[in-house]
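Fold and geometry: a report
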Amino acid sequence: MKHLLVTGGAGFIGSNFVHYWFTHHPEDRVVVFDKLTYAGNRANLETLEGDPRLRFVAGDICDAPRVQSLLEEERIDTVVHFAAESHVDRSIVGPEPFIETNIRGTFVLLEASRRYWEDEASDCRFLHVSTDEVYGTLAPEDPPFTETTPYRPNSPYAASKAGSDHLVRAYYHTYGLPVLTTNCSNNYGPYQFPEKLIPLIITRALEGQSLPVYGDGQQVRDWLYVEDHCRGIEAVLERGQLGETYNIGTRNEQRNLETVGLVCDILGSIYPERAEQFRSLITFVTDRPGHDRRYAIDPARIERELDWRPVENFETGLRKTVEWYIENRAWWQALRARQTLTFPSG
Ligand SMILES: Cc1cn([C@H]2C[C@H](O)[C@@H](COP(=O)(O)OP(=O)(O)O[C@H]3O[C@H](CO)[C@@H](O)[C@H](O)[C@H]3O)O2)c(=O)[nH]c1=O
């Protein structure tokens, strides 16, 4: 039986991971530690409310004494670290919380784990969830990112994640902390805060609002269904080599404009009477400053070494996602008040 600490477990990927974990490891205990910022939401774990295997603790990963005592109190042997400020546009408007949470917060967790696991680290794991954005941007002719692609982060968000990745590796090389790092591509699926492209487009289209496409919409993103990501994290936790990095992606490169169009088509097939309307809502708006043109992940290593394969394809994953947002209007409408970002289109 494992004792997991899931930081950011009330966020999008974190909460999907908690649901995934209990489905596949019903005997384990999970402590969710989450600051409940605008993007964290206890409703994401509502179906687990009252479950004795789960403890929810509201708190900040920068709070060193709290983190230290939680590790000890709960006899944590596995840290899965999702907690992060994650939205690129917000990092452009206000980078400070990104530096604080993503770099300092990761440092606090590493240091607490090092102290707590000092004498008995053999069965322990610290898995750091990171992003492909640390590698920078690709030209159309470039091969996808591999685990050996040099780091060239461009946004304050990406730079803060790059800093945290380096700290994690330093704790392995310097102290032998049993760390693993994953770098994933763009996620989509249930419970994603509707500031990110796919849920933003779905929810705005449902409400008949304009669908903002930055610049020319020809930027490329490599979409990963969140449950496939959770399965990848499980594979790395269980079979990954300590100190190593695994890229998680599905070779699913899509231009933003095509992704937005696909969402409109799926909505049109569900609401045929509004089919024409959805695409007409697409509006080109000012581009994101320093916008990375293309991300693409080469998942060969995790496939070859850990036998991981994605289950979902983009069309079915996107349809499931659209249906989830239709069925869970109350969930995202309640978040509207927190969506205060007005960058760049207003
Ligand atoms: C919000 C928004 C986004 N976009 C564009 C910008 C990007 O090219 C693409 C996806 O934007 P976002 O959903 O903000 O995601 P992106 O910047 O790629 O970053 C995401 O994916 C990363 C992994 O690649 C994660 O590390 C980040 O935490 C996550 O936010 O869509 C638009 O054209 N219009 C929009 O309104």
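Higher on the page you've got the structure.
In short, a report on the structure. Because the structure is predicted, anything quoted here is derived from the model rather than measured. (Residues numbered from 1 in each chain as written. Predicted model: local features only at pLDDT ≥ 70, side-chain atom pairs only at ≥ 80, totals over all residues. Heavy atoms only, no water.)

Re helix H5 (residues 156–175)
- With 20 residues, H5 extends 28 Å from end C-alpha to end C-alpha; this agrees with the ideal 28 Å at 1.5 Å per step.
- When H5 is considered as a whole, its buried residues turn out to be Tyr157, Ala158, Ser160, Lys161, Ala162, Ser164, Asp165, Val168 and Tyr171.
- Here the buried face of H5 lies against helix H3 (88–93), helix H4 (96–116), strand S5 (125–131) and strand S6 (179–184). (Helix = DSSP H or I, 4+ residues; strand = E, 2+ residues; numbered from the N terminus. Expected span 1.5 Å × (residues − 1). Buried < 20%, exposed > 50% of the residue type's maximum accessible area, 1.4 Å probe, protein only. Contact = heavy atoms within 4.5 Å.)

A few points about unusual backbone geometry
- In this structure, Leu36 takes a positive phi of about 50° despite not being glycine.
- One can find Leu36 in the loop between strand S2 (29–34) and strand S3 (54–58).
- Even without being glycine, Arg75 reaches a positive phi, approximately 45°.
- Relative to the helices and strands, Arg75 resides in the loop between helix H2 (64–73) and strand S4 (78–81).

Concerning H4
- Here H4 is 21 residues long and its end C-alpha atoms lie 29 Å apart, about the 30 Å a rise of 1.5 Å per residue gives.
- Taking the largest bend as the criterion, H4 deviates by roughly 25°, centred on Gly105.
- Buried within H4 we find Phe98, Thr101, Asn102, Gly105, Thr106, Val108, Leu109, Leu110, Glu111, Ala112, Ser113 and Tyr116. (Bend = angle between axes of the 7 residues up to and from the residue.)

Thoughts on the pairing of S2
- With six of six residues buried, S2 lies mostly within the body of the structure.
- The alternating pattern of S2 places Arg29, Val31 and Phe33 and Val30, Val32 and Asp34 on opposite faces, both of which are buried.
- Sheet topology note: the strand S1 (residues 3–7)/S2 ladder contains five bridges and is parallel. Across the sheet, Leu5 pairs through a bridge with Val31, a residue of S2.
- Regarding topology, helix H1 (residues 12–24) serves as the crossover connection from S1 to the parallel S2, and that connection is right-handed. (Pairing = 2+ DSSP bridges. Right-handed = clockwise from strand over helix to strand, strands pointing away.)

Let's talk about the nonpolar core
- With 64 residues, the main nonpolar core has Phe17, Val18, Val30 and Val80 as its most contacted residues.
- Among the elements that make up this core, the one with the highest residue count is H1 (seven residues).
- Sequence-distant contacts of Phe17, defined by excluding residues within four places in its chain, comprise Leu4, Val6, Val80, Phe82, Cys230, Ile233 and Leu237.
- If you look at the next biggest cluster of nonpolar residues, it comprises 23 residues, including Leu5, Val79, Tyr116 and Val179. (Core = buried A, V, L, I, M, F, W, Y, C linked by side-chain atoms within 4.5 Å.)

A word on the site of the ligand
- Around the ligand there are 23 residues in total, and Thr131, Asp132, Tyr157, Arg288 and His291 lie nearest to it.
- Here Tyr157 contributes a side-chain N or O atom positioned 2.6 Å from an oxygen atom of the ligand.
- Here an oxygen atom of the ligand and a side-chain polar atom of Asn186 are 2.8 Å apart.
- Summarising the interface, the protein chains cover 95% of the accessible area of the ligand, which totals 690 Å² for the free molecule.
- If you list the elements that add at least two residues to the shell around the ligand, you get helix H6 (197–206) and strand S8 (211–214).
- Counting residues per element, the shell around the ligand draws most heavily on S8, which supplies three residues. (Near = heavy atom within 4 Å. Polar contact = N/O pair within 3.5 Å; in protein donor to acceptor, adjacent residues only side chain to side chain. Areas by Shrake-Rupley, 256 points an atom, 1.4 Å probe, with all protein chains shown as cover.)

Structural notes on the pattern of salt bridges
- Under the defined criterion, the tally for this structure stands at 25 salt bridges.
- Across the pair Asp60 and Lys35 runs a salt bridge, and its minimum N-O distance is 3.7 Å. Remark: Lys35 occurs in the loop between S2 and S3 and Asp60 occurs in the loop between S3 and H2; sequence separation between them is 25 residues.
- For Lys35, a relative accessible area of 45% gives the class partly exposed.
- Among the salt bridges present, the one from Asp265 reaches Arg279, with a minimum N-O distance of 3.1 Å. (Salt bridge = Lys/Arg side-chain N within 4 Å of Asp/Glu carboxyl O.)

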